[in-house]
Amino acid sequence: MSIQTWQHKDLLDVSQLSNEEIFFILDNAKRFQEVNHRAVKKVPTLKGKTITLFFAEPSTRTKLSFDTAAKRLSADTFTLGKTGSSVQKGESLKDTALTLEAMHPDIVVIRDSSSGAAQFLADRLKCSVVNGGDGWHAHPTQALLDAFSLRDAWNGEFTGKTLLILGDINHSRVARSNINLLARLGVNVRICAPKTLLPRYLDNFPVTVYSDLAKAVCDVDAIMCLRLQLERQAAGLLPDLADYSRRFCLTSALLAKAKPHAKILHPGPMNRGLEIADDVADCNDSLVLNQVSAGVATRMAVLYLYGTRNDGLTINPNIGE
Ligand code: CP
């Protein structure tokens, strides 16, 4: 691999990364995945580094896996949420960011409900900013971990595979980052949703659009179900949740139309029975928990690359045997 030093200060979305850099992250994640299966799951790679997790929106998987990843690399982590911080007293994002910076972290990981929040911080902080999900905009490490999971399941092949992304596409930063990344790697991406949950300006998306799930699912290699973001449905985008479930819930009868052993993904958290049936979520071809494990390994690779970019060393993580 020809990458000797990591050139990016921040990770805001996958669109910043070349295909070579994406595969470099995935290859490094594979090396770190092995650490996660050892009896002692800790290596000295980021000893002495400080990582701040600033999560102003709820999260289980992303927050915990960044924290786990950092600790397994021996970094010190500090977590700040909206609740319990001065954000609750009205402190601005700018002042919060400058306060975090004054404590000299090496990386700030941010999750925020505003699209562009990660860019806003990156423009103001000298340390690296890693986007842990901003509004509807982007979730780059989710797309990387999904690519990692599919690469394993598809024996390294992306070209010519077909992935269906199903559900609330419009509100989904996961869908936007995945479409960007996987289409570039040669995956044929289909999307299926009610019209009110499709993004505007669909011509900008390298996807084929379906409204009929029975047709969308035919002969696909994998299906990524998305959480119906119930907190964003107040605008009356869906007349009836039972009707949504009848038309867009992935059931085993619909799954039977996909290729044999088509893989099932969901970024979580799942609304079981609404966008995905229980037996589909738990079937042998479900990668849902593989995605969670891949999240730790992929975030170890990201934290390693961004955490050591200023050290003047050739990239070669010290992870022992
Ligand atoms: N996939 C994902 O971002 O999950 P969390 O909201 O639990 O972090």
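Here is a short report on the structure shown in this document. (Residues numbered from 1 in each chain as written. Predicted model: local features only at pLDDT ≥ 70, side-chain atom pairs only at ≥ 80, totals over all residues. Heavy atoms only, no water.)

**Here's the deal with the overall build of the protein chain**
Line of reasoning, step 1. A count of helical and extended segments in the protein chain gives 11 helices and nine strands.
Line of reasoning, step 2. Principal axes of the C-alpha set define a box for the protein chain whose edges measure 55 × 50 × 35 Å.
Line of reasoning, step 3. Taking all 321 residues of the protein chain together, 55% fall into the buried category.
Line of reasoning, step 4. The long-range fraction of contacts in the protein chain, counting pairs at least 24 apart against all pairs at least 6 apart in sequence, stands at 75%.
Line of reasoning, step 5. As displayed, the protein chain has an accessible area near 14000 Å², and 51% of this comes from carbon and sulfur atoms.
Line of reasoning, step 6. If you average the places of the 37 positive and of the 34 negative side-chain charges in the protein chain, the two averages end up 2 Å apart. (Helix = DSSP H or I, 4+ residues; strand = E, 2+ residues; numbered from the N terminus. Buried < 20%, exposed > 50% of the residue type's maximum accessible area, 1.4 Å probe, protein only. Contact = heavy atoms within 4.5 Å. Areas by Shrake-Rupley, 256 points an atom, 1.4 Å probe, with all protein chains shown as cover. Lys, Arg positive; Asp, Glu negative; His and termini not counted. Charge placed at Lys NZ, Arg CZ, Asp CG, Glu CD.)

**Some thoughts on the nonpolar core**
Line of reasoning, step 1. By size, the foremost hydrophobic cluster in this structure holds 91 residues, and its most contacted members are Ile165, Ile223 and Leu303.
Line of reasoning, step 2. Element by element, the count of residues in this core is highest for helix α11 (residues 288–307), at 10 residues.
Line of reasoning, step 3. If sequence neighbours within four positions are ignored, Ile223 has contacts with Leu163, Leu164, Leu166, Val217, Leu250, Leu255, Ala258, Lys263, Ile264 and Leu265. (Core = buried A, V, L, I, M, F, W, Y, C linked by side-chain atoms within 4.5 Å.)

**Some details on the site of the ligand**
Line of reasoning, step 1. Taken together, Ser59, Thr60, Arg61, Thr62, Arg111, His139, Gln142, Pro267 and Gly268 make up the full set of residues near the ligand.
Line of reasoning, step 2. In the environment of the ligand, an oxygen atom lies 2.6 Å from a nitrogen or oxygen atom belonging to the side chain of Thr62.
Line of reasoning, step 3. In the model, an oxygen atom of the ligand is placed 2.9 Å from a nitrogen or oxygen of the His139 side chain.
Line of reasoning, step 4. Burial of the ligand by the protein amounts to 91% of the accessible area it has alone, namely 260 Å².
Line of reasoning, step 5. One can see that the ligand is located within the largest pocket. (Near = heavy atom within 4 Å. Polar contact = N/O pair within 3.5 Å; in protein donor to acceptor, adjacent residues only side chain to side chain. 1 Å grid on protein atoms, 1.4 Å probe; cavity = no way out; pocket = protein on both sides within 12 Å on 5 of 7 lines; lining within 4 Å. Sits in = over half its atoms within 2 Å of the grid points.)

**As for unusual backbone geometry**
Line of reasoning, step 1. In this chain, Gly268 is followed by Pro269 through a cis amide linkage whose omega measures -10°.
Line of reasoning, step 2. By the secondary structure assignment, Pro269 is in the loop between β9 (263–265) and α10 (278–281).
Line of reasoning, step 3. A positive phi angle, close to 60°, is found at His261, a residue other than glycine.
Line of reasoning, step 4. Mapped onto the elements of the fold, His261 is located in the loop between α9 (252–255) and β9.

**Focus: the pattern of salt bridges**
Line of reasoning, step 1. Applying the stated criterion across every chain yields a total of 13 salt bridges.
Line of reasoning, step 2. Between Lys30 and Asp152 there is a salt bridge, with its nearest N and O atoms 3.0 Å apart. Taken together, the positions of Lys30 in helix α1 (residues 19–35) and Asp152 in helix α5 (residues 140–153) put the pair 122 residues apart, joining distant regions of the chain.
Line of reasoning, step 3. Each of Asp243, Arg246 and Arg247 takes part in salt bridges that share partners, so that together they form one network. (Salt bridge = Lys/Arg side-chain N within 4 Å of Asp/Glu carboxyl O.)

**Some thoughts on the environment of Pro206**
Line of reasoning, step 1. Inspection of the secondary structure puts Pro206 in the loop between β6 (188–192) and β7 (208–210).
Line of reasoning, step 2. The sequence separation of Pro206 and Asn188 amounts to 18 residues, and the corresponding C-alpha distance is 8.4 Å.
Line of reasoning, step 3. Those residues in contact with Pro206 that lie beyond four places of it in its chain are Ile179, Ala183 and Val189.

**Looking at the packing of α1 against α5**
Line of reasoning, step 1. Interaxial distance between α1 and α5 falls to 10 Å at its minimum, and their mutual angle equals 70°. Judged by the angle between their axes, α1 and α5 are roughly perpendicular. Residue-level inspection shows Ile22, Phe23, Ile25, Leu26, Asp27, Ala29, Lys30 and Gln33 of α1 in contact with α5, the latter providing Leu144, Ala147, Phe148, Arg151 and Asp152.
Line of reasoning, step 2. In the contact of α1 with α5, the residues fall into eight nonpolar, one polar and four charged. (Axes fitted to C-alpha atoms, helices over the stretch in contact; angles between N-to-C directions. Parallel < 35°, antiparallel > 145°, perpendicular 65-115°, else oblique. Nonpolar A, V, L, I, M, F, W, Y, C, P; charged D, E, K, R; others polar.)

**Some thoughts on the packing of aromatic side chains**
Line of reasoning, step 1. In this structure the tally under the stated criterion is six aromatic pairs.
Line of reasoning, step 2. Here Trp6 and Phe24 contribute two aromatic rings whose centre-to-centre distance is 6.3 Å and whose plane-to-plane angle is 15°, an arrangement assigned as stacked. Of this pair, Trp6 sits in the segment before α1 while Phe24 sits in helix α1, and the two are 18 residues apart along the sequence.
Line of reasoning, step 3. Clustering of aromatic rings is evident, with ring pairs tying together Trp6, Phe24 and Tyr306. (Phe/Tyr/Trp six-rings, centres within 6.5 Å; stacked < 30°, edge-to-face > 60°.)

**Observations concerning the layout of surface pockets**
Line of reasoning, step 1. Reported here for the largest pocket is a volume of approximately 430 Å³.
Line of reasoning, step 2. Lining the largest pocket are 22 residues; nearest its centre among them are Arg111, Arg173, Arg227, Gly268 and Pro269.
Line of reasoning, step 3. Going through the elements one at a time, α2 (61–72) and α6 (173–184) are the ones with two or more residues in the lining of the largest pocket.
Line of reasoning, step 4. Of the residues contributing to the lining of the largest pocket, the split by class is five nonpolar, 10 polar and seven charged. (Points joined across faces, edges and corners; volume = space filled by probe spheres on them.)

**Observations regarding the sheet that holds strand β3 (residues 107–112)**
Line of reasoning, step 1. Spatially, the four strands line up as an open sheet ordered β2-β1-β3-β4, and their pairing is parallel. The sheet terminates laterally at β2 (76–81) and β4 (128–134), the two strands that pair on one side only. Averaged over neighbouring strand pairs, the angle between their axes works out to 15° when direction is ignored.
Line of reasoning, step 2. Two elements, strand β1 (residues 50–55) and β3, share five bridges in a ladder whose sense is parallel. Directly across from Leu53, in β3, lies its bridge partner Val109.
Line of reasoning, step 3. Running at roughly 160° to β1, helix α3 (residues 93–101) makes contact with β1, β2 and β3 of the sheet.
Line of reasoning, step 4. Most of the contacts of α11 go to β3, to which it runs at about 130°, and overall it touches β1, β3 and β4. (Pairing = 2+ DSSP bridges.)

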